[in-house]
Amino acid sequence: MASISSTIELLSRPEAEAAAAQVRSCSPDLVKAPWNFDGGSLPAYGPGASMADTAPAATPRQGQIPEEYRLASDEELDARILAAKEKLGEKLVILGHFYQRDEVVKYADFVGDSFQLAQAAKEKPEAEVIVFCGVHFMAETADMLSGGDQAVILPNLAAGCSMADMADSDSVQACWDQLAGIFGTEPDADGRIPVMPVTYMNCSAALKAFVGEHGGIVCTSSNAATVLEWAFQRAQRVLFFPDQHLGRNTAKAMGVPLEQMPMWNPRKPLGGNDGQSLLDSKVILWHGFCSVHKRFTVDQIEQARAEYPGVRVIVHPECPMPVVDAADESGSTDYIRKAIAAAEEPTVFAVGTEINMVNRLAAEYPQHTIFCLDPVVCPCSTMYRIHPGYLAWVLEAYAGTATLPGGEILNRISVPESVAVPARVALERMLAARP
Ligand code: 13P
Ligand code: SF4
């Protein structure tokens, strides 16, 4: 099975018309390299699943990388990346998320889900630089958890996350103030505070700091249930942001009735709720979602079951609740990987998560039939922004070449200590809540 880059490349080769006819993509722009979207006057997520979302004005933008990296062939980039890696040795660690394209993942010293990558950021104190092939909030987390003298580099600053951008500090603070007006701040007879903020890892460092300052905790999709249990021991209810689906799916599986999970729309007074429904709530869900996972539907699952009787359907918990309910299983990217790795008999798997990861699993486990539930090739548009050209650019700047002196840290992600100190409190709680 082809990786996303080679699948997309097929789309652009006229001689591969027959193959291209079978591969539908969500954007013709996917045949273009990510630097075609750099340096624009408006911030944009790029082609892929969040291309219809509007990036906030403050979203970091990536300037044009030098032409030599844009024009280099795959073979040249490969040789240059490997030479820089060799030169830097133990001074460098490259972390890669499962959703990165194969052409990037192959250089990673460690590939994992967001929980594992947060752990990995702490585990190489000897490395001078951590190059994070993932998205902005993951690089911020790596910066906060790694040593103070280690530099974290995000090869393309435009690699953000549209879901993370759906909650900002001002809106969350406004929500918090309104909730305090309804619930007060006094604990109940069991010592449980009225409401605890719980944030999904997919948010800014500033929101992680907010959570840390208010007795809350960060979760990832792999430990969300453990984190909610932790929270309910200490609070009467939870404000969960930014992903409504992860919050709803996790709380529902724990037995929380849907009526006790009102949604908070930051554009409406009281989030669009009345005071009583908030008083009766157990989990207040922020109005956020992932544009990749919202593409999966119950229809796709029904079609997979009709075409492949006995198919095992596994989806990520960022999918909407009806999709998770219709699937056989749901879990984080690492859960999906382990479930497929553990299958002893040849099995048909229909997977509801990002296409790069699904295609890689299909290539790794040829004894199984593995396909993405969504028939349209539509990657995460921000993960897509990382490409070997950017990796070669940041690595050579630090390693040095015949023409570059080296020692230059490009695209450093650095969270100020005033934010990192409270955010670390919430992150350390997350790391202690093992999946
Ligand atoms: P996990 O790697 O934690 O499963 O999260 C998936 C994701 O969407 C990362 O943004
Ligand atoms: Fe964000 Fe969704 Fe992409 Fe994950 S897959 S980085 S949640 S947009």
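Residues numbered from 1 in each chain as written. Chains lettered and ligands numbered in written order. Predicted model: local features only at pLDDT ≥ 70, side-chain atom pairs only at ≥ 80, totals over all residues. Heavy atoms only, no water.

Caption draft 1: Region of interest: the environment of Met51. With respect to the element layout, Met51 can be found in the loop between strand 1 (24-25) and helix 3 (67-71). When residues no more than four places from it in sequence are discounted, the contact partners of Met51 are Cys26, Ser27, Gly46 and Ser381. (Helix = DSSP H or I, 4+ residues; strand = E, 2+ residues; numbered from the N terminus. Contact = heavy atoms within 4.5 Å.)

Caption draft 2: Structural context of the packing of helix 8 (residues 169-183) against helix 9 (residues 205-213). The N-to-C vectors of helix 8 and helix 9 enclose an angle of 25 degrees; their axes lie 10 Å apart at closest approach. On the basis of their axis angle, the class for helix 8 and helix 9 is roughly parallel. Taking contact as the criterion, the partners of Ser169, Val172, Gln173 and Trp176 in helix 8 are, on helix 9, Ala206, Leu207 and Phe210. Partitioning the contact of helix 8 with helix 9 into residue classes produces 5 nonpolar, 2 polar and no charged. (Axes fitted to C-alpha atoms, helices over the stretch in contact; angles between N-to-C directions. Parallel < 35°, antiparallel > 145°, perpendicular 65-115°, else oblique. Nonpolar A, V, L, I, M, F, W, Y, C, P; charged D, E, K, R; others polar.)

Caption draft 3: Representation of helix 4 (residues 74-88) within the structure. Between the first and last C-alpha of helix 4 there are 21 Å, a value that for 15 residues agrees with the 21 Å anticipated at 1.5 Å per step. Those residues of helix 4 that sit buried are Leu77, Arg80, Ile81, Ala84 and Leu88. Here the buried residues of helix 4 occupy an arc of 100 degrees about the axis, which is enough to place them on one side. Facing away from the buried surface of helix 4 by more than 90 degrees, the exposed residues are Glu75 and Glu86. Buried residues belonging to helix 4 abut helix 3, strand 2 (92-97) and helix 17 (388-399). Phi for Gly89, located one or two positions after helix 4, is positive at around 50 degrees. (Expected span 1.5 Å × (residues − 1). Buried < 20%, exposed > 50% of the residue type's maximum accessible area, 1.4 Å probe, protein only. Arc of directions from axis to C-beta.)

Caption draft 4: Structural context of the site of ligand 1. The environment of ligand 1 is made up of 13 residues, and the closest members are His97, Ser114, Ser221, His316 and Thr333. A distance of 2.6 Å separates an oxygen atom of ligand 1 from a polar atom in the side chain of Ser114. Burial of ligand 1 by the protein chains amounts to 96% of its free accessible area of 300 Å². Its residues assigned to classes, the shell around ligand 1 shows 4 nonpolar, 7 polar and 2 charged. (Near = heavy atom within 4 Å. Polar contact = N/O pair within 3.5 Å; in protein donor to acceptor, adjacent residues only side chain to side chain. Areas by Shrake-Rupley, 256 points an atom, 1.4 Å probe, with all protein chains shown as cover.)

Caption draft 5: Representation of the UniProt feature "binding site: iminosuccinate" (unreviewed entry) in the chain within the structure. With numbering matched to this structure, UniProt assigns "binding site: iminosuccinate" (unreviewed entry) to His97, Ser114, Tyr200, Met201, Asn202, Ser221, His316, Pro317, Glu318 and Thr333. Here Asn202 is to be found in the loop between strand 6 (196-200) and helix 9. A relative accessible area of 8% means that Asn202 is categorised as buried. Filtering out sequence-adjacent residues up to four positions away, Asn202 remains in contact with Phe137, Cys161, Met163, Ala164, Pro242 and Glu318. Within the secondary structure, His316 sits in the loop between strand 11 (312-315) and helix 14 (321-326). Of the residues examined, His316 reaches a relative accessible area of 2% and is grouped as buried. Excluding residues that lie within four positions of it along the chain, His316 makes contacts with Tyr99, Tyr200, Ser221, His293, Val324, Gly331, Ser332, Thr333, Ile336, Gly352 and Thr353. (UniProt positions renumbered as here; feature names shortened; annotations may be inferred.)

Caption draft 6: Highlighting the UniProt feature "binding site: [4Fe-4S] cluster" (unreviewed entry) in the chain. Look at the UniProt record and you will see "binding site: [4Fe-4S] cluster" (unreviewed entry) annotated at Cys161, Cys290 and Cys380. These annotated residues cover 220 residues of sequence, but their C-alpha atoms sit close together, with the largest distance between any two at 9.2 Å. Within the fold, Cys290 resides in the loop between strand 10 (283-286) and helix 13 (298-307). Residues within four places of Cys290 in sequence aside, it is in contact with Met163, Asp243 and Glu318. Within the element layout of this structure, Cys380 appears in the loop between strand 15 (376-377) and helix 17. A relative accessible area of 11% places Cys380 in the buried class.

Caption draft 7: Examining the nonpolar core more closely. Val131, Leu179, Val198, Phe240 and Ile370 are the most contacted members of the largest nonpolar core, which has 136 residues in total. Contact partners of Leu179, with chain neighbours within four places excluded, come to Gly184, Val195, Leu239, Trp264, Leu278 and Ile284. (Core = buried A, V, L, I, M, F, W, Y, C linked by side-chain atoms within 4.5 Å.)

Caption draft 8: Seen up close, the state of the cysteines. Taken as a whole and judged by the stated rule, the model has 1 disulfide. Each sulfur of the disulfide joining Cys26 and Cys378 lies 2.3 Å from the other. Here Cys26 and Cys378 share a disulfide; its torsion about the S-S bond, 80 degrees, makes the bridge right-handed. In this pair, Cys26 is assigned in the loop between strand 1 and helix 3 and Cys378 in the loop between strand 15 and helix 17, connecting sequence segments 352 residues apart. We classify Cys26 as partly exposed; its relative accessible area is 22%. (Disulfide = S-S within 2.5 Å.)

Caption draft 9: Representation of the packing of helix 4 against helix 17 in the model. Across the interface, helix 4 lies against helix 17 with an axial gap of 9 Å and an inter-helix angle of 35 degrees. Regarding helix 4 and helix 17, the two cross each other, and that crossing is left-handed. Facing Leu77, Arg80, Ile81, Ala84, Lys85, Lys87 and Leu88 of helix 4, the residues of helix 17 in contact are Pro388, Gly389, Leu391, Ala392, Leu395, Glu396, Tyr398 and Ala399. For the contact of helix 4 with helix 17, the class distribution of residues is 10 nonpolar, 1 polar and 4 charged. (Left-handed = near helix turned anticlockwise from the far one by under 90°.)

Caption draft 10: Representation of the side chain of Thr59 within the structure. The topology assignment puts Thr59 in the loop between strand 1 and helix 3. Thr59 sits in the buried class, given a relative accessible area of 11%. Contacts of Thr59, omitting those with residues within four sequence positions, involve Pro43 and Asp165.

Caption draft 11: Region of the structure containing the pairing of strand 4 (residues 129-133). With 5 of 5 residues buried, strand 4 is to be regarded as a mostly interior element. Taking every second residue as pointing to the same face, both faces of strand 4 are buried, with Val129, Val131 and Cys133 on one and Ile130 and Phe132 on the other. Two elements, strand 2 and strand 4, share 5 bridges in a ladder whose sense is parallel. When the sheet's bridge partners are listed, Ile94 is paired in strand 4 with Val131. Summarising the sheet, strand 4 and strand 5 (residues 151-153) pair through 3 bridges and their orientation is parallel. From the neighbouring strand, Val131 faces strand 5, where its bridge partner is Ile153. (Pairing = 2+ DSSP bridges.)

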